[in-house]
Structures are given as structure tokens and as C-alpha cells.
Amino acid sequence: MRLTAFTDISLRIVMRLAVARDEELLTTRTVAQTLAVPYSHAAKAVARLVELGLVETRRGRGGGLWLTGAGRNASIGGIVRALESGGDLAGCEDDPPCPLRAACRLRTALAEAREAFFASLDPITVESLVASPTGPVLVLLGREEGDLRP
């Protein structure tokens, strides 16, 4: 199983926001540049993270992005569940639909495997993901050369 690019970008955004200093102004554009993702993709991810209550935004001068308390303590399994589509892992309902779908046990087995994958991520929080060594690397991303202050 592979996460969608949307989920991957969203997780990277919450991780970067988790290590932001209080005085650090992060915009969608700066986060996109720091994480080397297209701005349009980052903007869509930020909008969804706001809907989920994980990120807050403020527009205009002095505005930016920040991780909410709920976002900081959020389960990675819960975030991935919310961001990944609930569709089948196999193409049971594709066009044309699989002729075995009425009697197939694979669909159920794959759904159980997906849930086991999510369950393995449930105990992991955003906060725990940014512990060392990841957090310090995230802090340094996007800094100008020579400005390596923590």
C-alpha cells in the first residue's frame, strides 16, 4: 500500500508546522518551498488540514499557518484515515467491474489489511514524529545558508 501524494504532503506540512518557533511566520508558499512541493498541492492540503481542525490560518499581514493543539496531539493513523479515500484497494468496481466481486473474499482481506495498517499508525502522534533526529532537520529546512540557528 502506498499513501497518496496528497496525504504525504499533508503529513509533511503538519510535521513542519510542529517544529515552527512561535515567532516564525510560515505561509503556505514558504512551507511548499521548504518541503519542495508545488504550491497548489500545498494549498489544497492546508485547506483540508484546516477543515480537520489540525491547522489554523490567518490571512493578510502578520498572517500565516500554525498547528493547533489538536494537530500537535493528533494520531497519524487518524490523519491518514481522514485523508486517504475509503475506496477499495483492488479495482472491484472499476469499469468493467470485476466478475468475482459478488463472491470474492479478497476485498474483505484487503480492507482488513488496510485497517491493520492504519491501526499500526494510531499510537504515533505528530509530536512524536518530530522528535530528534527529525525535528532538528525540519527546523533547518529552508533556512538560508549560514543561518543554522535552532
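Above: the structure in question.
Remember, predicted model here, so these are calculated numbers, not experimental data.

Caption draft 1: How the structure looks around the layout of surface pockets. Here the largest pocket is characterised by a volume of approximately 240 Å³. Lining the largest pocket are 16 residues; nearest its centre among them are R21, D22, E24, L65 and W66. Considering every element that reaches the lining of the largest pocket, the biggest residue donor is strand β2 (residues 64-67), with 4 residues. In the lining of the largest pocket, the residues fall into 7 nonpolar, 3 polar and 6 charged.

Caption draft 2: Expanded view of the nonpolar core. I13, L17, V55, I79 and V126 are the most contacted members of the largest nonpolar core, which totals 32 residues. Residue contributions to this core peak at 7 residues, all from helix α1 (residues 5-18).

Caption draft 3: Summary view of the environment of A36. Take A36: it is sitting in the loop between α2 (28-35) and α3 (39-51). For A36, a relative accessible area of 68% translates into the label exposed. A C-alpha to C-alpha distance of 9.9 Å links A36 and L141, two positions 105 residues apart in sequence.

Caption draft 4: Molecular detail of the packing of helix α5 (residues 76-83) against helix α6 (residues 106-121). Relative to each other, α5 and α6 sit at 140°, their axes nearing to 6 Å. Considered as vectors, α5 and α6 are oriented oblique to each other. Residues I76, G77, V80 and R81 of α5 form the contact with α6, whose participating residues are E115, F118, A119 and L121. Tallied by class, residues from the contact of α5 with α6 come to 5 nonpolar, 1 polar and 2 charged.

Caption draft 5: Broad picture of the side chain of S10. Here S10 shows up in helix α1. With a relative accessible area of 0%, S10 lands in the buried category. In this structure the side chain of S10 is engaged in a polar contact, spanning 2.8 Å, whose partner is the backbone oxygen of F6. Apart from residues lying up to four places away in sequence, S10 is in contact with A45, L49 and L83.

Caption draft 6: Inspection of the environment of G71 at higher detail. For G71, the position within the fold is in helix α4 (residues 69-72). With relative accessibility at 1%, the residue G71 sits in the buried group. When near neighbours in sequence (up to four residues on either side) are disregarded, G71 contacts G53, L54 and V126.

Cut-off values and rules
- Residues numbered from 1 in each chain as written.
- Predicted model: local features only at pLDDT ≥ 70, side-chain atom pairs only at ≥ 80, totals over all residues.
- Heavy atoms only, no water.
- 1 Å grid on protein atoms, 1.4 Å probe; cavity = no way out; pocket = protein on both sides within 12 Å on 5 of 7 lines; lining within 4 Å.
- Points joined across faces, edges and corners; volume = space filled by probe spheres on them.
- Helix = DSSP H or I, 4+ residues; strand = E, 2+ residues; numbered from the N terminus.
- Nonpolar A, V, L, I, M, F, W, Y, C, P; charged D, E, K, R; others polar.
- Core = buried A, V, L, I, M, F, W, Y, C linked by side-chain atoms within 4.5 Å.
- Buried < 20%, exposed > 50% of the residue type's maximum accessible area, 1.4 Å probe, protein only.
- Axes fitted to C-alpha atoms, helices over the stretch in contact; angles between N-to-C directions.
- Parallel < 35°, antiparallel > 145°, perpendicular 65-115°, else oblique.
- Contact = heavy atoms within 4.5 Å.
- Polar contact = N/O pair within 3.5 Å; in protein donor to acceptor, adjacent residues only side chain to side chain.

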